[in-house]
Structures are given as structure tokens and as C-alpha cells.
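# Coordinate analysis (summary)
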Amino acid sequence: MQAVDVLFFVLAPLGVERLVLRPEEPGLLKLGLEYMPFSHSLAAALGWGLAAFLVARLAGRPKLGLALGLAVASHWFVDLPMHTEDLPIASGDGLRVGLGMWKSQVGSFAFELAFLVAGFTILAREIGGDVRRRAVLVVWAMAAMQTITVFVAPLPATVLELAIASQAGFFGFAAAAWWIEQPLQSNPHAAGVQRLAKTPRNNK
Ligand SMILES: [Zn+2]
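The rules behind each value
- The residue numbers shown here count from 1 along each chain, following its written sequence.
- A pLDDT threshold of at least 70 governs which residues receive local features in this predicted model, and a stricter bar of 80 or more applies before side-chain atom pairs are shown or counted, although totals over entire chains, interfaces and linings include all residues.
- Put simply, DSSP marks the helices as runs of H or I at least four residues long and the strands as runs of E at least two long, and each gets a number from the N terminus on.
- Both definitions apply: the radius of gyration is a C-alpha atom measure, and the globule rule equals 2.2 Å times residues to the power 0.38.
- Residues with at least 20 other C-beta atoms within 10 Å of their own are called buried, those with 12 or fewer are called exposed, and the rest are partly exposed. The C-beta atoms themselves are positioned from the backbone.
- Any two residues are considered in contact once their C-beta atoms, placed from the backbone, lie within 7 Å.
- Linking buried Ala, Val, Leu, Ile, Met, Phe, Trp, Tyr and Cys residues through C-beta atoms within 7 Å yields a set, and such a set is a nonpolar core.
- Under this scheme, a helix contributes an axis fitted over its contacting stretch, all axes are lines through C-alpha atoms, and angles between N-to-C directions fall in the 0 to 180 degree range.
- In what follows, roughly perpendicular refers to angles from 65 to 115 degrees, roughly parallel to angles under 35, roughly antiparallel to angles over 145, and oblique to any angle outside these ranges.
- Crossing handedness: left-handed means the near helix sits turned counterclockwise from the far one by under a right angle, and right-handed means the same turn made clockwise.
- Here, expected helix span is obtained from the residue count minus one, scaled by 1.5 Å.
- Bending is quantified residue by residue as the angle between axes fitted to the seven-residue window ending at that residue and the seven-residue window starting at it.

### So, the overall build of the protein
Counting its secondary structure elements, the protein contains seven helices and four strands. Secondary structure elements of the protein, listed N to C terminal, follow the sequence α-β-β-α-α-α-β-β-α-α-α. Over its C-alpha atoms the protein spans a radius of gyration of 18 Å, differing by no more than 12% from the 17 Å that the globule rule assigns to 204 residues. For the protein, with 204 residues in total, the buried portion stands at 20%. Taking the contacts inside the protein whose residues are at least 6 apart along the sequence as the reference set, 55% of them involve residues at least 24 apart.

### Re the nonpolar core
Taken as a class, soluble globular proteins show a tendency for nonpolar side chains to be buried jointly. With 22 residues, the main nonpolar core has F8, A45, W48, L68 and V72 as its most contacted residues. When contributions to this core are tallied by element, the ones reaching two or more residues are α1 (3–14), β2 (31–35), α3 (42–58) and α4 (62–82). For this core, the leading source of residues is α4, giving six residues.

### Here we look at the packing of α3 against α4
Remark: α3 packs on α4, axes separated minimally by 7 Å, with the N-to-C direction vectors making an angle of 165°. As the angle between them shows, α3 and α4 are arranged roughly antiparallel. Crossing angle aside, the handedness with which α3 passes α4 is right-handed. Each of L42, A45, L46, W48, G49, L50, A52, F53, A56 and R57 in α3 lies in contact with α4, whose residues at this interface are P62, L64, G65, L66, L68, G69, L70, V72, A73, H75 and W76.

### Points about α4
The terminal C-alpha atoms of α4 lie 31 Å apart, and with 21 residues this matches the ideal 30 Å at 1.5 Å per residue to within 8%. The largest bend in α4 comes to about 30°, at S74. When we look at burial in α4, the residues that qualify are G65, A67, L68, G69, A71, V72, A73, H75, W76 and D79. Looking at the buried side of α4, the elements it contacts are α1, α2 (37–40), α3 and β3 (87–88).

### Brief notes about the packing of helix α6 (residues 129–152) against helix α7 (residues 159–186)
Across the interface, α6 lies against α7 with an axial gap of 7 Å and an inter-helix angle of 165°. Between α6 and α7, the angle falls in the class roughly antiparallel. Crossing geometry of α6 relative to α7 is assigned as right-handed. Two secondary-structure elements touch here, α6 through G129, D130, V131, R134, A135 and V138 and α7 through A176, W179, I180, E181, P183 and L184.

### Brief notes about the environment of L68
Along the chain, the position of L68 falls in helix α4. Owing to 25 C-beta atoms within 10 Å, L68 belongs among the buried residues under this scheme. Measuring from C-alpha to C-alpha, the distance between L68 and A56 comes to 8.3 Å, with 12 residues separating the pair along the chain.

### Things to note about the environment of L50
Residue position: L50 is located in helix α3. Note: C-alpha distance between L50 and V72 (22 residues apart in sequence) is 8.7 Å.

### Remarks on the environment of H40
Locating H40 in the fold gives a position in helix α2. The spatial distance from the C-alpha of H40 to the C-alpha of H75 is 8.4 Å, given a sequence separation of 35 residues. Excluding its chain neighbours within four sequence positions, the residues that come into contact with H40 are V4, F8, W76, D79, L87 and P88.

Rendered as C-alpha cells:
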């Protein structure tokens, strides 16, 4: 699901997509997302989702492909309420949309936190034991990270520094997801956890 942000933070420092830093703005409005047709347009979201599905299908994993494809495409729709009017429909210069929740720093932070807790609550019904304990730790760590990012951490001086910090965050989270599942490797039939191995959460 985070794949298109990984792509954006590759394309932005390369100058293919355009991000300008606006230190005078509050919260996430500091990110001037000026041009991002390849990572964050609706057309791209659907295209990348379809591509992920087709690749997995060709590899003989159609169910995984469906989960991956939906996860990738969902990014745009989850971004929609948060972003200001910077999400392109197709071309980076055409119509751009966003419902602008980021304009309220506290409101968007609270909403994202609620989203995280809601996601965990749904997941918690499927998992137990060690997997659950690990997931709780990661949820706390994510909430702490988000608090620091939104309210404490200074804005990096350059787009490249911001990109590196963001990529570290994305891959750190992927590593944490991998770590959460490790008890399943030794005991894949532990109570109620089998479905976890098949959810798109694994493959962010
Ligand atoms: Zn995004």
C-alpha cells in the first residue's frame, strides 16, 4: 500500500515529480506536492494496482495479486480525504483533488490515529499470543513515530533528506510487519492466525 509513496520519494528527489518544502506552513502542509502524476494520480493508482495484480497472477498467485492490487490502488482513495487539492486525476497539470483534512493538524492527527487503532482492532480478532503482543508494540511505536513526525521533528532542510527519512520510515514499517509474523513461521497453525498470512498487510 505504501508502494506509491516509496515511488514518490524516489521520483521527487530525482526531479521527475515535484515536491517543495514550505517551512512556514503547519503540519503536513509543509509538503508542497506540486507535481506527482506517476505516483499519485487516480489513473496511476489504478494502473499500478492492475500491474501488481497481473504480476502476481503471472507468478501463479492470483489471490495474492488481488489483495496486492487492491492495496496499491487503495492508497489514492485513503489519501483523498487527507490531502489538499494536490492529487491529480490523470496528468499532473490537470484537475487535482483532495478534501484537505491536513489543514487541521490536530484533527488529521487524531483521525489517522483512530484509523490505526481501528485497523488494529480488526486485526486483533484474528491474532493471538506472540503475534498479538508484537503487533501491540508496533502499533504503539507507530503512534509515537506519528506524534514525533507531526508535532516534534523539524522539517528536513532538503527534499533529499526528507526522502531518505521517509524511505527509512516505510522500510522500517515493512520490517516491523515482517517481525510481527515471525512466530507464524515456526507455528503457522497457531490459533486463528492463519488468515493473517494471507492478508495484504504482509506485503505493504
Ligand atoms: Zn501517498
